[in-house]
Amino acid sequence: MRFWIIICCIGLAYQNFAQSTSYKKQSFVVGTTTEIIKIDGQLDEAIWTKLTPAKDFAQYFPNDSLPAVAQTEIYMCTDKKNLYIGIKCYGAGNDWLVESLRRDYRAGGNDNITLLFDTFNDQTNAFYFGINPEGVLREGTISNGGNDFQDFSTSWDNKWRGNAKKYDGYYTAELEIPFSTFRYPIPSKKWGFTCYRFDTQSNEISTYPGTPRNQVVFTLAYPAEMIWEEDLTTKSSAVSVIPFVSSGINKDYEDNTPTDEIFEIGGDAKIALTPGLNLDLTVNPDFSQVEVDEQITNLDRFEIFFPERRQFFLENADLFGQFGFSNINPFFSRRIGVGEDVVTEELAQNRIYGGLRLSGKLDPKTRLGFLNMQTASSKKQGIPGTNFGVAVIQRKIRVRSNIGIISVNKQTLNFDENLDTLDVNRYNRMAGIDYNYSTRSNTWFGKSFIHASFSPDTDMALAQGTTINYNTRRFGALWNHEYVHEDYNAEVGFVPRTDYFRVSPGAELRYYPQNDFLNNHSYGAEADIFWRPGFGKTDHFFSVGWDGELAQRSNFGFNLNHSYVYLFDPFDPTGTDSEELAADQDFSWISFTGNYRSDRRKVFSWNLSPYIGEYFNGWRYGTRGGFNVRFQPKGFLSLNYAINIFDLPHLEGTRETYLISPRIDYTFSKSLFTSVFVQYNSQNNNTNINARIQWRFAPVSDLILVYTDNYLTGDVDSINNRFALDVRTRSIVLKITYWLNL
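First, a word on what this report is: a plain description of the structure on this page. (Residues numbered from 1 in each chain as written. Predicted model: local features only at pLDDT ≥ 70, side-chain atom pairs only at ≥ 80, totals over all residues. Heavy atoms only, no water.)

Helix and strand content of the protein: five helices and 41 strands. What you see for the protein is a C-alpha radius of gyration of 27 Å, in line with the 27 Å of a compact globule of 742 residues. Here the protein, with 742 residues, has 54% of them falling under the buried criterion. Of the contacts made within the protein by residues no fewer than 6 positions apart, 60% connect residues no fewer than 24 positions apart. With the model as given, the accessible surface of the protein reaches about 32900 Å², and the carbon-plus-sulfur share is 55%. (Helix = DSSP H or I, 4+ residues; strand = E, 2+ residues; numbered from the N terminus. Rg over C-alpha atoms; globule rule 2.2 N^0.38 Å. Buried < 20%, exposed > 50% of the residue type's maximum accessible area, 1.4 Å probe, protein only. Contact = heavy atoms within 4.5 Å. Areas by Shrake-Rupley, 256 points an atom, 1.4 Å probe, with all protein chains shown as cover.)

Here it is, written out as structure tokens:
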């Protein structure tokens, strides 16, 4: 125990010696106005000529030591009710690229600009707002300083307005963001501000005030100062109500049950208790509009992670869901509303009656979170009514670090020990502490944590982990270790593996030749080794590789790998319900993997990731990848695929798996979207069709029609020369939501 406490404290030492040299901050002033600003994207109001802009953008790609070729000017003013933003983006021509008119677009490969507001000026959390030349909007949040891509979330939605207009050689945009959208201290004298822009014509990514290439483009480590001409004293308190009505039908053909008629009424409410603290309520939440999970080829021995897609749980997910590591996560919201049917031994949905979430900042250095949800019972399935509670507090220390404490409680409310089907614990609890550390310039960052779980029939069991990242322009290094006790049981978390100790070091040497062909490349090595206490090494993965980015924005990578696995249980390495390899034996093999992704600015783009080499006691060949065709600017057609061929001596003949996923997204306008998503997976003989029509008839208010068809895909029908399809389930749901500010 003493050893783990010492390890948890390792990160504290970095705060004393790893601070990089400071840099000079840029700043600009947010003016005040009484002028009425029409949000048409034209910048023809007099106020825009009176303001001093944030300008002098710097290149991020292809060369972070030069000024941007395509410069940008950003003007800001306020009438004490809204923040108004005027933007002017210069370019080398008029050939602006936009993939579709759908809100919350993907930034890469398109022309767009994104503005980040660090309202508490803590370089830790921020709201972002983006717009492209067609006036399409996106918004979201950034957490933990924006150190890596898991800190970037598109799930946050709110009411604001924006529009854009294209001219010869540039485009302009106007944004109107109500202060009720933000959370900030009162009074506010200045906020932190960062901005990045993609310009496809000059093949350039630019930032303000400037970001080194070895950092992610949305890092909060290098902000400018956004200074209020008059102290901001407007209270952001607001109440929003978002009711919904949904109706539809669902038919289970596999069990031949009667058609279910669906009619649901419920809704959410958002109440700003203080300028920094928000209360969210939900009653009878309905998730019928949520898109289906993207299927994968499963060749793993442990549970596979699928991300949360339900809107209520996505907001402020960073505060509740980023404790621990992705594979030692003490709170995984997808556990709520799902129970195990003890008769069929399969997962089944159970109704969520409702719940609440309190989250935000108590003061500039303290974040608070509390979530409580109540689910229904189903004695027929052996699923009891359950209450889920999560409490979190996070305190900022030093410049960009924080300490967080989390407690999770899962409690059954109608537990009946005499009912055989209720094969669950009366309660499951966990508590833990995390230390997230980062130096001012993000040269060093990482995390250390220790968690404990508690259940009725087991003693306290621990999980501990530490990761340390060193990141400079020329060199990157990583140290990661994990320990999970065999009795550790976080039932509301995602912990697919227990009873192990793991180390995962890595290093990378980076080069930036800045020639007309190769923009940057790196050589790397990594290791991933598992031990079981009392047994010894159970797994390892060693890899060396070379990857890089071409000047025309395509990427490549090559890796030579060595793997080792000891099987404690029988295992089918093909995932096709074939003959299993026997337990209590080990395997080692060598493989080669590669990847290539073409320039996403092109009308046609593609990616490819081949695998070839040994695999357990034989060989495996395969590839995964996809292509994308854009219909500028209305939408795109994509197709993803994964193919594997297994040649293993313990099987008679080869085995193959196929995953094919075509998708079409088409936007008739900025308020009317359609999509059709088809997935065929030979591993589970399943074909799924998901079609959606979404009409955004008012800000953050939608009418959504969703059609879902699920088929059991059999062998090829030799008579008709086609796949045999048997319908499993079929449903169609119409849902309407309306966002009302009170």
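Attention now moves to the nonpolar core. Membership of the largest hydrophobic core comes to 37 residues, with the highest contact counts inside it found for Ile 74, Met 76, Leu 115 and Phe 117. Among the secondary structure elements, those contributing two or more residues to this core are strand 1 (27-32), strand 3 (72-78), strand 4 (82-90), strand 5 (112-118), strand 6 (126-131), strand 10 (170-178), strand 11 (188-199) and strand 13 (224-232). Apart from residues no more than four positions distant in its own chain, Met 76 is found in contact with Phe 28, Val 29, Val 30, Gly 31, Leu 51, Leu 83, Tyr 84, Ile 85, Leu 115, Phe 117, Phe 193 and Met 226. Judged by nonpolar contacts, the second largest core, of 28 residues, contains Ile 328, Ile 336, Met 430 and Val 492. (Core = buried A, V, L, I, M, F, W, Y, C linked by side-chain atoms within 4.5 Å.)

This part covers the pairing of strand 11. Of all 12 residues in strand 11, 10 are buried; the element is thus mostly enclosed. In this structure, strand 5 lies alongside strand 11, joined through seven bridges in antiparallel fashion. Across the sheet, the residue bridging to Asn 112 is Phe 198, located in strand 11. Pairing of strand 11 with strand 13, which is carried by five bridges, proceeds in the antiparallel orientation. Among the inter-strand pairings, Gly 192 is bridged to a residue of strand 13, identified as Glu 225. Looking at chain direction, strand 11 and strand 12 (residues 204-208) are connected through five bridges and run antiparallel. In the sheet register, Phe 198 faces strand 12, and the bridge partner there is Ile 205. In this antiparallel pair of consecutive strands, strand 11 and strand 12, the connection spans four residues, and Asn 203 shows a positive phi of 55°. (Pairing = 2+ DSSP bridges.)

Now for a negative patch on the surface. Residues Asp 577, Glu 579, Glu 580 and Glu 652 make up a contiguous surface patch of negative charge. Within the secondary structure, Asp 577 is located in the loop between strand 31 (555-567) and strand 32 (585-597). A relative accessible area of 75% places Asp 577 in the exposed class. (Patch = residues over 30% accessible without salt bridge, like charges linked within 9 Å, V, L, I, M, F, W, Y side chains within 5 Å. Salt bridge = Lys/Arg side-chain N within 4 Å of Asp/Glu carboxyl O. Lys, Arg positive; Asp, Glu negative; His and termini not counted. Charge placed at Lys NZ, Arg CZ, Asp CG, Glu CD.)

Here the focus is the pattern of salt bridges. Across all of its chains, the model carries 32 salt bridges by this definition. Note that Asp 199 is salt-bridged to Arg 197, the shortest N-O span being 3.1 Å. Assessed through its relative accessible area of 3%, Asp 199 is described here as buried. Members of the salt-bridge network, linked through shared partners, are Arg 102, Arg 663 and Asp 665.

Once that is clear, we can look at the environment of Val 399. Mapped onto the secondary structure, Val 399 falls in the loop between strand 21 (386-397) and strand 22 (401-412). Between the C-alpha atoms of Val 399 and Phe 501, which are 102 residues apart in sequence, the distance is 32 Å.

This part takes up the side chain of Ser 731. With respect to the helices, strands and loops of the structure, Ser 731 is situated in strand 40 (residues 722-737). If near-sequence neighbours (up to four positions away) are discounted, Ser 731 is found in contact with Ile 249, Asn 250, Val 706, Tyr 707 and Thr 708.

Next up on the list: the pairing of strand 33 (residues 604-615). Bridge count for strand 32 against strand 33 is five bridges, and the pairing is antiparallel. The residue of strand 33 that forms the bridge with Arg 597 is Asn 607. Counting the residues in the hairpin turn of strand 32 and strand 33 gives six residues. Bridging between strand 33 and strand 34 (residues 618-631) involves 12 bridges; their strand directions are antiparallel. Bridged to Phe 604 within strand 34 is Val 629. Hairpin geometry of strand 33 and strand 34 is characterised by an intervening segment of two residues between the two adjacent antiparallel strands and by a positive phi of about 50° at Phe 616.

This part takes up the environment of Leu 43. Within the fold, Leu 43 resides in the loop between strand 1 and helix 3 (47-50). The spacing of Leu 43 and Lys 55 is 12 residues in sequence and 16 Å in space, taken between C-alpha atoms. In this structure, Leu 43 is in contact with Trp 48, Gly 86, Ile 87, Lys 88, Thr 172, Ala 173 and Glu 174, ignoring residues within four places of it in sequence.

In total, this model carries 54 aromatic pairs according to the counting rule given. When the centroid spacing of 6.0 Å and the interplanar angle of 45° are considered together, the rings of Tyr 90 and Tyr 170 count as tilted. Of this pair, Tyr 90 sits in strand 4 while Tyr 170 sits in strand 10, and the two are 80 residues apart along the sequence. Residue Tyr 90 is classed as partly exposed on the basis of its relative accessible area of 29%. In this arrangement the basic side chain of Arg 553 is found over the ring face of Phe 61, its NZ or CZ atom lying 4.5 Å from the centre. (Phe/Tyr/Trp six-rings, centres within 6.5 Å; stacked < 30°, edge-to-face > 60°. Lys NZ or Arg CZ within 6 Å of the ring centre and 35° of its normal.)

Our next topic: the environment of Asp 104. Residue placement: Asp 104 occurs in the loop between strand 4 and strand 5. As for Asp 104 and Arg 138, which are separated by 34 residues in sequence, their C-alpha atoms are 4.1 Å apart. For Asp 104, the contacting residues outside a window of four places in its chain are Leu 137, Arg 138, Glu 139, Thr 154 and Asp 157. Separated by 3.2 Å, the side chain of Asp 104 and the backbone nitrogen of Glu 139 make a polar contact. (Polar contact = N/O pair within 3.5 Å; in protein donor to acceptor, adjacent residues only side chain to side chain.)

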